[in-house]
Amino acid sequence: MTRTLLLGARVLDPGGRGDAEAVELDRDRISFVGTAAQARERAPGATVLDLDGAVIAPAFVDAHVHATATGLLVDGVDLTGCASPDALLAKVAARAAERPGALVWGHGWEDQLWAGPLPTRAALDRAAAGAPVYLSRIDVHSALVSSALLDRAPAAVGAAGWSDGPLSADAHHHARRAALAAVDSTGRAAAQTAFLTAAAARGIAVVHECAGPDISSADDLAELLGRPGPEVVGYWGEAVATAGEARELLAATGAYGLAGDLFVDGSIGSRTAALRAPYIDAAGCTGNRYLDADAVATHVAACTGAGAQAGFHVIGDAATDLLLAGLDAAAAATSVEALRAAVHRVEHLEMVDPEQARRLAELGVVASVQPMFDALWGGAAGMYAERLGPDRAAGMNPLAALRDAGVVLAFGSDSPVTPLGPWAAVHAAVHHHTPGSGLLRPEALAAHTAGGYRAAGELSPLAGRLAPGAPASYTVWDAGSDAVDHARPPRCLRTAHRGVVLHDALPGVGAFAS
C-alpha cells in the first residue's frame, strides 16, 4: 500500500478549505484533503491513522538560521536572562572549572537588563582561568571575549569595533572566526546534528542557513549541506562584482544564493544598526554602515546577471535607505523585470516605512523577518524603546505595513538569536506590541510555510500548502482545537518533508537516520 490516510484531525492550510479533517498521502505527494466522510470512502487499500483530534499543518520553513552556532549551545553556556555581570562570570568560571583550558562558548547576555557595568576583559580572564572565551550578545553583533581567544585572533586588536569590553564590527568578526576555528570537526558535527534534530522536533522541515565569511566558514556550510534531516537551503553572504564571480562563488560554496547575512549594518541592541537619527542612549551614535549603495548595486547586478539570488542584512532605517538606493541603481543597470525574476531578499528589515515597503514590493524583494524580535524587544518598556525612544520603537517590525504594500513575508528565528519555535513566531506576529502592525493567523502561518519557499525562489502555488498535488511536507501536533492559538506551543508528533519522516512520536515510523 502506498496511500496513508491521516484521519480525525483539524487541518490547518493557509488559503485552504476550513472544514478539512483528513489528509491522504501517496508516497511523496498529498493526494487528498477533505472531510472525514469523504476520507472514509478512500479508506479501502490505504493505511489509516486516527489522530484523535490532533492538528495537521504544513511543515514549517525557518528562513534564517545559524545551525552550528545554535547547536553549540546544547553543550555551551546559556546566558539568556542572565541577571547580572557577576552571574555571567560565575557561569564562565563554573564551565572553565569543568573543562580546564577548553573553549567556553556562550550566548544570550543582554546588557540593558543589568544595572552595573559590563565585565572587563581582565575579569573575564580571571573567571576563565586562562581559557579562550567567546560570549555573544543576544543579537550576535557583539561579544565578550577573553585574552586567550584574542591570542588566536590578533587582527581583532585595534580593528573597527575594538574595545576593552564587548567587541563589535570587524573586531568581533575576527574573534568569532577564531572561536569557530577552535571547534573541531567532531564538535561541529555534533552541533549541526543537534540543531537539525531540534528543528525537526519543532515541526521545521526546511531551514535557510545564513553562512558567510564573517559568520562561519565554507567547510561549515559544506558539512551542514551534507547532513540528513531537514532540508538545508544554503546562503553565502559575500559580495561579488561580476556575474562570473557570482557563479564561481556559488560553485565553490554549494550555496543556493549570495544572500543572508551580507551586512549593510548591525543591530539595534549593539547600537550598530544604521540610523537616520542617533540612538537616544548613545549621544551622536548612528550605528555602522558596512556597505554603501554602490556596493549594494554592484552585488545585486552581478547576482541578477548570474541568475542568482542576492540579499542583505538590513535593520536600521538608514540601512534601508542604502539598500533601496542600491536596488534602484541595479534596476537601472539591468531592469526591474530582471530583479523581480531573481527574487532577491532582505533579512530582518526592522525599520521600514510604507513608501520603502512599496518600492521593495515593486522590485520583487522578499522580506525574511523575525516576529519574535517584537515579542522580546517591543513595547513601551522593551529594548527598542530604550535604544530608540517610544515613537520609533512603535514602528519597528511593521508586518502589516509590509503585507499591505505587497511584500512577500518569510518568517524565521535567526536562531540562536531567538529559539527555534514556529508557533511562538506565529503567535508573536498575530499579537504584535504595536496595534495594527500584526497579521491575521492564517497570514502568519503562510509566512512561516509558503513564504519560506518563496524566499528561496520556489514559485509553485502548492509549496507550503496542504492541498492535492503538493509535496507531502506536513506536521502533526497534539493540540486541542485552540492550543495552537496560544503562546505555549503544542507538542510536535510528526514532521515529514516530501514524504520522508524527519521526526516521529507516532507509532510505526522512525525519524531520519543521524
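Structure first, text after, so check above.
Requested: an account of the overall build of the protein, with residues and values cited.
Looking only at helices and strands, the protein has 20 helices and 21 strands in total. Relative to the compact-globule value of 24 Å for 514 residues, the protein shows a C-alpha radius of gyration of 23 Å, a close match. Expressed as a percentage of its 514 residues, the buried residues of the protein come to 57%. Residue pairs at least 24 apart in sequence account for 70% of intrachain contacts in the protein once pairs closer than 6 positions are excluded. Computing the positive centroid from 37 side-chain charges and the negative centroid from 56, the protein places the two 4 Å apart.

Any details on the side chain of Asn397? Residues and values, ideally.
With respect to the helices and strands, the residue Asn397 is situated in the loop between α16 (390-394) and α17 (399-405). Residues contacting Asn397, with those up to four places away along its chain left out, are Glu350, Phe373, Asp374, Tyr384, His432 and Ser437.

How would you sum up the packing of aromatic side chains? Please name residues and give values.
Inspection of the entire model under this criterion finds nine aromatic pairs. For the pair Phe60 and Trp477, a centre-to-centre distance of 6.2 Å together with 75 degrees between the ring planes defines the contact as edge-to-face. Here Phe60 is found in strand β7 (residues 60-65), whereas its partner Trp477 is found in strand β19 (residues 474-477), with 417 residues between them in sequence. Phe60 sits in the buried class, given a relative accessible area of 0%.

Please provide a residue-by-residue account of the packing of helix α11 (residues 317-333) against helix α13 (residues 354-362), values included.
Two elements in contact, α11 and α13, have axes whose closest approach is 11 Å; the angle formed by their N-to-C orientations is 35 degrees. Along this stretch, α11 crosses α13, giving a crossing that reads as left-handed. The segment α11 lies against α13, with Asp317, Thr320, Asp321, Leu323, Leu324, Leu327 and Asp328 engaging Gln356, Arg359 and Leu360.

A description of the side chain of Ser168 should follow, citing residues and the corresponding values.
Tracing the backbone through its elements, the reader meets Ser168 in strand β12 (residues 167-168). Judged by its relative accessible area of 15%, Ser168 falls in the buried class. Non-local contacts of Ser168, meaning those with residues more than four positions away in its chain, are made with His141, Ser142, Ala160, Gly161 and Thr272.

Describe the pattern of salt bridges, naming the residues involved and giving the relevant values.
For side chains bearing opposite charge, pairing can occur when the charged atoms are close. Under the defined criterion, the tally for this structure stands at 26 salt bridges. For Arg121, the salt bridge is made with Asp164, and the minimal N-O distance between the two is 3.8 Å. Here Asp164 lies in the loop between α5 (147-150) and β12 and Arg121 lies in helix α4 (residues 121-128), a separation of 43 residues in the sequence. For Asp164, a relative accessible area of 48% puts it in the partly exposed group. For Asp281, the salt bridge goes to Arg387, with nearest N and O atoms at 2.9 Å. Of this pair, Asp281 sits in the loop between α9 (243-253) and α10 (293-306) while Arg387 sits in helix α15 (residues 383-388), and the two are 106 residues apart along the sequence. Three or more residues joined by partner-sharing salt bridges are found here, namely Asp111, Arg137, Asp139, Arg271, Asp281 and Arg387.

How would you summarise α13 if you had to cite specific residues and measurements?
Residues three or four positions apart in an α-helix share a direction because the helix packs 3.6 residues into each turn. Taken together, the buried positions of α13 are Gln356, Ala357, Leu360 and Ala361. Buried residues along α13 cover an arc of 140 degrees about the axis, so they all sit on one side. Close packing links the buried residues of α13 with α11, α12 (336-342) and α17. N-cap assignment for α13: the residue whose side-chain oxygen lies 3.2 Å from the backbone N of Glu355 is Asp353.

About the criteria used
- For every chain, the first residue of the written sequence is number 1, and numbering continues from 1 along that sequence.
- Per-residue local features are limited, in this predicted model, to residues with pLDDT of at least 70; the limit for side-chain atom pairs, both in listing and counting, is 80 or more; totals at the level of whole chains, interfaces and linings are taken over all residues.
- The basis for every side-chain value is the complete set of heavy atoms in the structure, and neither hydrogens nor water enter the calculation.
- A run of H or I in DSSP becomes a helix once it reaches four residues, and a run of E becomes a strand once it reaches two; helices and strands are each numbered from the N terminus.
- For the radius of gyration, the atom set is restricted to C-alpha positions; the globular benchmark scales as 2.2 Å times the number of residues to the power 0.38.
- For every residue, the accessible area obtained with a 1.4 Å probe (protein chains only) is divided by the maximum for its type, and the residue is called buried under 20%, exposed over 50%, and partly exposed between those limits.
- Here, two residues are considered to be in contact whenever any of their heavy atoms come within 4.5 Å of each other.
- Two residue types count as positive, namely Lys and Arg, and two as negative, namely Asp and Glu; His and chain ends fall outside the count.
- Charged side chains are reduced to one point each, which is NZ for Lys, CZ for Arg, CG for Asp and CD for Glu.
- Each pair of aromatic rings taken from Phe, Tyr and Trp, with Trp reduced to its six-membered ring, is defined by centres within 6.5 Å and is described as stacked if the planes are under 30 degrees apart, edge-to-face if over 60, and tilted in the remaining cases.
- Structural elements are reduced to axes, namely lines fitted to C-alpha atoms, with helices fitted over the stretch in contact, and the angle between N-to-C directions of any two is expressed from 0 to 180 degrees.
- Handedness of a helix crossing follows the sense of rotation of the near helix relative to the far helix, less than a right angle counterclockwise being left-handed and clockwise being right-handed.
- Definition used for salt bridges: Asp or Glu carboxyl oxygen within 4 Å of a side-chain nitrogen of Lys or Arg.
- Directions drawn from the helix axis to the C-beta atoms are what define this arc.
- Think of a polar contact as two N or O atoms within 3.5 Å of one another; within protein, one of them needs to be a possible hydrogen donor and the other a possible acceptor, and neighboring residues in sequence only count if both atoms come from side chains.

Fair warning: the whole summary comes from geometry, so function is off the table for now.
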